[in-house]
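Chains, contacts and geometry: an overview
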Amino acid sequence: MTELLLHKGDITTMDVDAIVNAANSSLLGGGGVDGAIHRAAGPHLREECVFLNGCKTGEAKITQGYDLRTKYVIHAVGPVWHGGDSNERQLLHNAYYNSMLLAVQNGIRTIAFPNISTGVYHFPKAEAAAIAVAAIRDFITQHHTKIDKVFFVCFDEENYDIYQHILAQ
Ligand code: AR6
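The written sequence of each chain sets the order in which its residues are numbered from 1. Totals for whole chains, interfaces and linings use every residue, but because this is a predicted model, local features are given only for residues with pLDDT of at least 70 and side-chain atom pairs only at 80 or more, for both listing and counting. With hydrogens and water stripped out, all remaining heavy atoms of the structure feed into the side-chain values.

**Describing the UniProt feature "domain: Macro" (unreviewed entry) in the protein**
Spelled out, the test is: UniProt positions are given in the numbering used here, feature names are shortened, and annotations may be inferred rather than shown by experiment. Only DSSP runs of H or I with at least four residues qualify as helices, and only runs of E with at least two residues qualify as strands; both kinds are numbered from the N terminus onward.
UniProt tags residues 1-169 as "domain: Macro" (unreviewed entry). The annotated region residues 1-169 carries 38% helix and 20% strand content, and the separation between its end C-alpha atoms amounts to 17 Å.

Put into structure tokens, the structure is as follows:
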């Protein structure tokens, strides 16, 4: 049974096998949670990312965790919100789903996700949360996964309240 759990705080302090980064398609770092992860992991993370040749929106790539507590970082690229007619919902779903696929392929048992696309990329938070939880639940139903725990890590109060509501359903 995979448990879906809610956590409030900084994802870089999570004690899990993998944390997911809300990256951009260059994979070379940025602000928000991406900046926090690169700062906490140290410069070797960027050195590995240089060799990945970027990542398309909706896809994900994996690296080591370096100075983080976590063994791996899964770099997922969510969509920029352009109003909803540019396939944003499907692309956000894919970012979560493809991160889970990589996790299973790498023997990861515990994984923590940030609220991808809900910061600088401006995806509406309530809808993004519903898509995130549905994507993880779809994945679990479709795969007999050995993943024990999936954490949704909320940094801001608004996302935390939204996830509390959705996960209770
Ligand atoms: N731990 C957990 N969540 C965090 C943290 C943290 N330390 N810091 C911020 N958040 P954003 P995006 C939350 O903007 O919208 C970057 O520059 C934050 O409250 O980090 O996917 C990348 O390089 C928000 O809910 O990511 C890309 O260019 C969530 O993380 C671009 O931003 C996502 O906000 C990606 O934009």
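We are not done yet, so read on.
**Observations concerning the pattern of salt bridges**
We apply this condition: Any Lys or Arg side-chain nitrogen found within 4 Å of a carboxyl oxygen on Asp or Glu counts as a salt bridge. Only protein chains enter the accessibility calculation, which uses a 1.4 Å probe; a residue is then buried when its area is under 20% of its type maximum, exposed when over 50%, and partly exposed in between.
Summed over the entire model, instances satisfying the criterion amount to five salt bridges. A salt bridge links Glu 157 to Lys 8; its shortest N-O distance comes to 3.6 Å. Separated by 149 residues along the polypeptide, Glu 157 in helix H5 (residues 157-167) and Lys 8 in strand S1 (residues 3-8) bring together distant segments of the chain. On the basis of relative accessibility, which here comes to 46%, the residue Glu 157 falls in the partly exposed class. Between Glu 127 and Arg 89 there is a salt bridge; the shortest N-O distance is 2.3 Å. With a gap of 38 residues between them, Glu 127 in helix H4 (residues 125-142) and Arg 89 in helix H3 (residues 88-105) connect regions that are remote in the sequence. With relative accessibility at 35%, the residue Arg 89 sits in the partly exposed group.

**Remarks on the sheet that holds strand S2 (residues 18-23)**
The test is simple: Two strands make a pair as long as DSSP finds a minimum of two bridges between them. The axes are straight lines fitted to the C-alpha atoms, using for helices just the contacting stretch, and the angles between their N-to-C directions are given from 0 to 180°. Throughout, a residue-residue contact means that at least one pair of heavy atoms, one from each residue, lies within 4.5 Å.
Across the sheet, which stays open at both edges, the six strands sit in the order S1-S6-S5-S2-S4-S3 with mixed pairing between neighbours. Only two strands of the sheet have a single neighbouring strand rather than two, namely S1 and strand S3 (60-64). Adjacent strand axes in the sheet meet at a mean angle of 25° when their direction is disregarded. For S2 and strand S5 (residues 110-113), the ladder comprises two bridges, and the chain directions are parallel. Opposite Ala 18, over in S5, you have Ile 111 as the bridge partner. Along the sheet face, helix H2 (residues 43-50) touches S3 and strand S4 (72-77) and points at about 135° away from the line of S3.

**Concerning the packing of H3 against H4**
This is how it is decided: Throughout this description, any angle smaller than 35 degrees is read as roughly parallel, any larger than 145 degrees as roughly antiparallel, any in the 65 to 115 degree range as roughly perpendicular, and the remainder as oblique. The handedness criterion is simple: a crossing whose near helix is rotated anticlockwise from the far helix by less than a right angle is left-handed, and one whose near helix is rotated clockwise is right-handed.
The N-to-C vectors of H3 and H4 enclose an angle of 40°; their axes lie 9 Å apart at closest approach. Relative to H4, the element H3 lies oblique. The interaxial crossing formed by H3 with H4 has right-handed handedness. Where H3 approaches H4, its residues Arg 89, Leu 92, His 93, Tyr 96, Tyr 97, Met 100, Leu 101 and Val 104 are matched on the opposing element by Glu 127, Ala 128, Ile 131, Ala 132, Ala 135, Ile 136, Asp 138, Phe 139 and Gln 142.

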